[in-house]
Structure formats: C-alpha cells, structure tokens
Amino acid sequence: MADSSFDIVSKVERQEVDNALNQAAKELSQRYDFKGTGATIAWSGEKILMEANSEERVKAVLDVFETKLVKRGISLKALDAGEPQLSGKEYKIFATIEEGISQENAKKVAKIIRDEGPKGIKAQVQGEELRVTSKSRDDLQAVQALLKGKDLDFAIQYVNYR
C-alpha cells in the first residue's frame, strides 16, 4: 500500500482579504465615530495602508480590519501590521499579508513532528511548504492535532491530503 501524505502550507486567499478590506472601508465610511477623522483603508501596492488623523483612530481602523478578517476565516497570524507612524498631519499603519513558510519555520515544524509526533512519520521541506508522509492515515491526523495544539507564530493550512 502506498504512503499517505499531506502538505502543510501558509497561504491566504487574496480575494477574501480584498473582501475584508472592502467591508472595513465601507464600515469606516458609515460609522459615526469615524466621521471627519479622515480614516481610510486601501491597497498600496502589495501592502495595506490605513490612515487617520490620530493614533487612536488609526488603531481603531486596524481593529475594524482585523475583525473583518476573522469573520472571513483568515488567521490574524498572517497579518503583519506595523506601528502607527506620523506622516505630516496623518497617522499611517502599513500592513502586509504573509504567505509561505520560511525555511526556518519549516525546520521548526519538522522538528516538532520528529520529536513529538508518532514514529514512522517523515517530514520534508519542499520550497515554501512541508510534505508529511506516513503509512498510517491515523498518524497523519495525530500530526495535525499535534500542530493545532502548538502555538506557532504563523498560520498553517493542510492541503493535498491523500
């Protein structure tokens, strides 16, 4: 019988992020407490730019955006938001969406699987993803449960379960 496997990846659905951003922008334009604050949120190249006239307001814009991301099923671990910066009279926050598992993080996950996972599990790094193989599907599910219990500082998903 062939080995069973799955891939551990860190991907974010760009359309879902776009939808969350549009929902946040609409809420900012309609909410009374954001009237006259110049609060905006929009794409700026590959980054997301949030602006407002005070530091508290720009943090509130970030909070609204984070709420919309969570409602759309996107992990906040994928969002890397900077600190508010004063630019002229406006405060700005730049945020990026992180995708892909770095070599360093992939090695950490592979080490967790080797040390704490069931015996007979193999984990190998393939670019920005990690392939986990085993003869037993139950062992693969045990690895998924193990990783779900760990507090990793990046978002992971499981794909190509065979």
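Everything below is about the structure shown above.
About the criteria used
Residues numbered from 1 in each chain as written. Predicted model: local features only at pLDDT ≥ 70, side-chain atom pairs only at ≥ 80, totals over all residues. Heavy atoms only, no water. Pairing = 2+ DSSP bridges. Helix = DSSP H or I, 4+ residues; strand = E, 2+ residues; numbered from the N terminus. Axes fitted to C-alpha atoms, helices over the stretch in contact; angles between N-to-C directions. Contact = heavy atoms within 4.5 Å. Salt bridge = Lys/Arg side-chain N within 4 Å of Asp/Glu carboxyl O. Buried < 20%, exposed > 50% of the residue type's maximum accessible area, 1.4 Å probe, protein only.

**Q** Could you clarify how one ought to interpret the sheet that holds strand S7 (residues 122-126) in this entry?
**A** The strands that make up a sheet pair up through hydrogen bonds in the backbone, lying either parallel or antiparallel. Strand order in this open sheet of four strands is S7-S8-S1-S9, and the pairing throughout is antiparallel. One side of each edge strand has no neighbouring strand; the edge strands of this open sheet are S7 and strand S9 (157-159). Put simply, the sheet's adjacent strands are angled 30° from each other on average, direction ignored. Pairing analysis gives five bridges linking S7 to strand S8 (residues 129-134), with the strands arranged antiparallel. Bridging across to S8, Gln124 finds its partner in Arg131. On top of the sheet, helix H3 (residues 103-116) reaches strand S1 (4-9), S7 and S8; it is set at about 20° to S8, its chief contact. Sheet strands in contact with helix H4 (residues 137-149) are S1, S8 and S9, and its direction is about 20° off that of S1.

**Q** Help me understand the pattern of salt bridges in this model?
**A** Side chains that carry opposite charge are capable of pairing whenever their charged atoms lie near each other. For the structure on display, the rule yields 13 salt bridges. Here Glu51 ties to Lys92 by a salt bridge, and the two come within 3.5 Å at their closest N and O atoms. Here the residue Glu51 occupies a position in strand S3 (residues 47-52), and Lys92 occupies one in strand S6 (residues 90-97), the gap between them amounting to 41 residues. Comparing Glu51 with Lys92, the two get one shared label, buried. Salt bridges sharing partners connect three or more residues here, namely Glu27, Arg31, Asp33 and Lys68.

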